[in-house]
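The residues making up each chain are set out below.
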Amino acid sequence: MPFVDVPGFVTLLNEKRASVGRLALELLILTAARSGEIRGATWSEVDASKALCTIPADRMKAGREHVIPLSKEALGVFERALRWARGNGDPDELIFPGAKKGCSLSDMTLTKVLRDSDLKATPHGFRSSFKDWASETTNFSNELSEAALAHIIPNKTEAAYRRSTMIEKRRALMSEWGRF
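From a predicted model like this one, the values you see are computed outputs, not experimental measurements.

Draft legend 1. Quick look at the overall build of the chain. Scanning the chain from terminus to terminus reveals 9 helices and 3 strands. Each principal axis of the C-alpha atoms in the chain carries an extent, and together these give about 45 × 35 × 25 Å. Expressed as a percentage of its 180 residues, the buried residues of the chain come to 46%. Pairs at least 24 apart in sequence give 62% of the contacts found in the chain among residues at least 6 apart. Total accessible area computed for the chain in this model is approximately 9,700 Å², and 52% of it derives from carbon and sulfur atoms. Averaged over its 27 positive side-chain charges, the chain has a centre that lies 3 Å from the centre of its 23 negative ones.

This is the structure in structure tokens:
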């Protein structure tokens, strides 16, 4: 989806009857995360007081932990997701449970939300929307948006020297994306 269309789509998501799938898709958009990272998220990964979500290495494509700074809009999605909580605040409980107890949402659930809106976009494509928005409309560096997407630095020498998570700079980036 072209990044200019994302705010209207998020508004449309919020105008429809709330569902776990719509909330998961909204969070995917607001965090620029991959579908599996969102669908497999548990309450223990969210630290609302620090506005951070930590995806463990075993659920990351790159195999390393990824900490996502959460915008106020993303925190709001977590708050609304409590409506579907089944385990009385169990930290290991899935934030976006599937229809079958203990199972996460299907990847097709997010795709269906898009299809029901008559859109040909894909959940993963919102990462591209985020990247285009960051590149075309902000002064944030390419390195910062790449870190937000949890992309690996291909140059091994550069990667060896760049060990910072740039969390506060990424917090500003994600806050601006949330406002957009």
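Okay, back to it.
Draft legend 2. Structural detail: the nonpolar core. Leu25, Ile29, Phe96 and Phe130 are the most contacted members of the largest nonpolar core, which has 49 residues in total. Listed by contribution, the elements that provide at least two residues to this core are α1 (6–15), α2 (20–31), β2 (52–55), α4 (72–81), α5 (107–116), α6 (125–137), α7 (142–148) and α9 (167–179). Among all residues touching Phe96, those that are not within four sequence positions of it are Val20, Leu23, Ala24, Leu27, Ile38, Arg39, Val77, Ala81, Ser104 and Leu105.

Draft legend 3. Focus on the packing of aromatic side chains. With the rule as written, the count across this model stands at 8 aromatic pairs. A centroid spacing of 6.2 Å and a plane angle of 50° characterise the contact between Phe3 and Phe180, whose relative ring orientation is tilted. Here the residue Phe3 occupies a position in the segment before α1, and Phe180 occupies one in the segment after α9, the gap between them amounting to 177 residues. In this structure Phe3 comes out as buried when scored by relative accessible area, which is 11%. Centre to centre, the rings of Trp177 and Phe180 are 5.8 Å apart; their planes meet at 20°, and the pair counts as stacked. What links up through ring pairs into an aromatic cluster is the set Phe3, Phe130, Trp133, Trp177 and Phe180.

Draft legend 4. Structural context of the sheet that holds strand β1 (residues 46–47). Ordered by their spatial adjacency, 3 strands build an open sheet running β1-β2-β3, and the pairing between neighbours is antiparallel. Each edge of the open sheet is held by one strand with a lone partner, namely β1 and β3 (66–69). Across 4 bridges, the pairing between β2 and β3 is antiparallel. Bridge pairing in β3 places Leu52 opposite Pro69.

About the thresholds
Residues numbered from 1 in each chain as written. Predicted model: local features only at pLDDT ≥ 70, side-chain atom pairs only at ≥ 80, totals over all residues. Heavy atoms only, no water. Helix = DSSP H or I, 4+ residues; strand = E, 2+ residues; numbered from the N terminus. Buried < 20%, exposed > 50% of the residue type's maximum accessible area, 1.4 Å probe, protein only. Contact = heavy atoms within 4.5 Å. Areas by Shrake-Rupley, 256 points an atom, 1.4 Å probe, with all protein chains shown as cover. Lys, Arg positive; Asp, Glu negative; His and termini not counted. Charge placed at Lys NZ, Arg CZ, Asp CG, Glu CD. Core = buried A, V, L, I, M, F, W, Y, C linked by side-chain atoms within 4.5 Å. Phe/Tyr/Trp six-rings, centres within 6.5 Å; stacked < 30°, edge-to-face > 60°. Pairing = 2+ DSSP bridges.

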